[in-house]
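# Analysis of the macromolecular model
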Amino acid sequence: MTKGIRPLVAGNWKMNGTGASLGELRSIGHGFMSGLDTETDALLCVPATLLWRAHEILSSTPVRCGGQDCHARPSGAHTGDISAEMLKDAGASHVIVGHSERRADHGETDAQVQLKAEAAWLGGLTAIICVGETQAERDAGRTLDVLSRQVAGSVPPGATRKNTVVAYEPVWAIGTGLTPTARDVAQAHAHIRAELGKKMNAEAATTRILYGGSVKPSNAVELMSVDNVDGALVGGASLKASDFLGIAEAYRSL
Ligand SMILES: O=C[C@H](O)COP(=O)(O)O
């Protein structure tokens, strides 16, 4: 946690979910409505096909909706892509950019991620910019170098604490059940904040830095209590209302 920063617990449903999954989403909304957790902001980044319906369900709750990627251009001949403006129109407040799965599956570079973050801002969305090292980079002792390069290359000039959230997601921890030690997380997050300082000056001190990678109710308290961890980006555990609410609940005990 960082003093003065209200935590954000964000779910990323990835390529999971159909209309049949909206019951879980409804339960998450109810959980936050019933004051289960008033200490955190909550967000669910659902597939674009569900965004409109998710927004309708969640609009009467404190839980907001987001997209999982946007194109760098506001519109045009880009078959199969989706713009920030479209996500906003469908009810999104945030969009994830530069997730390692997009970097790996679609060859997205830091420069492209930066353009997508700028497109998100132009479309009226907050960009959640993902960074994180692979197992090979970690084994080579290059974690901090990779984070420096990714923050420098992916976070656009003009980033503010309102238009930008950074998510540290070690690639080797995503969906594996493995997590870094609290000490490693603290080091990575402190490093990211220092790198953000080079771009954002004093504003970096109050910009949210989320941790993502195998966050579950059972490890949320330990991970969320680490210095400079201002919330979580949750994949698998965000698909089940009880798990997602259990993670958000971790902040009550901190
Ligand atoms: O965006 C979320 C992350 O990739 C984490 O996924 P996970 O919680 O399933 O490990």
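What counts as what
Residues numbered from 1 in each chain as written. Predicted model: local features only at pLDDT ≥ 70, side-chain atom pairs only at ≥ 80, totals over all residues. Core = buried A, V, L, I, M, F, W, Y, C linked by C-beta atoms within 7 Å. Buried ≥ 20, exposed ≤ 12 C-beta atoms within 10 Å, placed from the backbone. Contact = placed C-beta atoms within 7 Å. Helix = DSSP H or I, 4+ residues; strand = E, 2+ residues; numbered from the N terminus. UniProt positions renumbered as here; feature names shortened; annotations may be inferred. Pairing = 2+ DSSP bridges. Axes fitted to C-alpha atoms, helices over the stretch in contact; angles between N-to-C directions. Parallel < 35°, antiparallel > 145°, perpendicular 65-115°, else oblique. Left-handed = near helix turned anticlockwise from the far one by under 90°. Nonpolar A, V, L, I, M, F, W, Y, C, P; charged D, E, K, R; others polar.

You'll find the chain entered in an unreviewed UniProt entry as Triosephosphate isomerase, with Aquibium oceanicum given as the organism.

### Observations concerning the nonpolar core
Counting 70 residues, the largest nonpolar core has V95, I128 and A232 as the members making the most contacts within it. Setting aside its immediate chain neighbours within four residues, A232 contacts V9, A10, L210, Y211, G212, V215, A220, M224 and I247.

### A look at unusual backbone geometry
Non-glycine residue K14 carries a positive phi angle of around 55°. Looking at the secondary structure, you find K14 in the loop between strand 1 (8-12) and helix 1 (22-33). Backbone geometry places S214, a non-glycine residue, at a positive phi of 60°. Mapping S214 onto the fold places it in the loop between strand 7 (209-212) and helix 9 (217-224). Of the residues examined, S214 has 21 C-beta atoms within 10 Å and is grouped as buried.

### What about the UniProt feature "binding site: substrate" (unreviewed entry) in the chain?
What UniProt calls "binding site: substrate" (unreviewed entry) maps, in this numbering, to N12, W13, K14, G175, S214, G235 and G236. In terms of the greatest pairwise C-alpha distance, the residues named above, spread along 225 residues, form a tight cluster of at most 13.9 Å across. Inspection of the secondary structure assignment puts G175 in the loop between strand 6 (164-168) and helix 8 (182-200). G175 gets classed as partly exposed once you count the C-beta atoms within 10 Å, which come to 13. The residues contacting G175, other than those within four sequence positions of it, are S214, G235 and G236. With respect to the helices and strands, the residue G236 is situated in the loop between strand 8 (231-234) and helix 10 (241-249).

### Examining the sheet that holds strand 3 (residues 63-67)
Strand order in the closed barrel formed by eight strands is 1-2-3-4-5-6-7-8, and the pairing between neighbours is parallel. Here the strands of the sheet are splayed against their neighbours by 25° on average, with no regard to which way each runs. Taken together, the four bridges between strand 1 and strand 8 define a ladder with parallel strand orientation. Bridge pairing links V9 to A232 in strand 8. The strands touched by helix 2 (residues 48-58) are strand 2 (41-45), strand 3 and strand 4 (92-97); relative to strand 3, the strand with the most contacts, the crossing angle is about 165°.

### Considering the packing of helix 1 against helix 2
Contact pair helix 1 / helix 2: the axes reach a minimum separation of 9 Å and the direction vectors enclose 30°. Between helix 1 and helix 2, the angle is such that the two are roughly parallel. Our pair here, helix 1 against helix 2, has a crossing hand that is right-handed. Within the contact between the two elements, helix 1 uses L22, L25, R26 and G29 and helix 2 uses R53, A54, I57 and L58. Of the residues assigned to the contact of helix 1 with helix 2, the class counts are five nonpolar, one polar and two charged.

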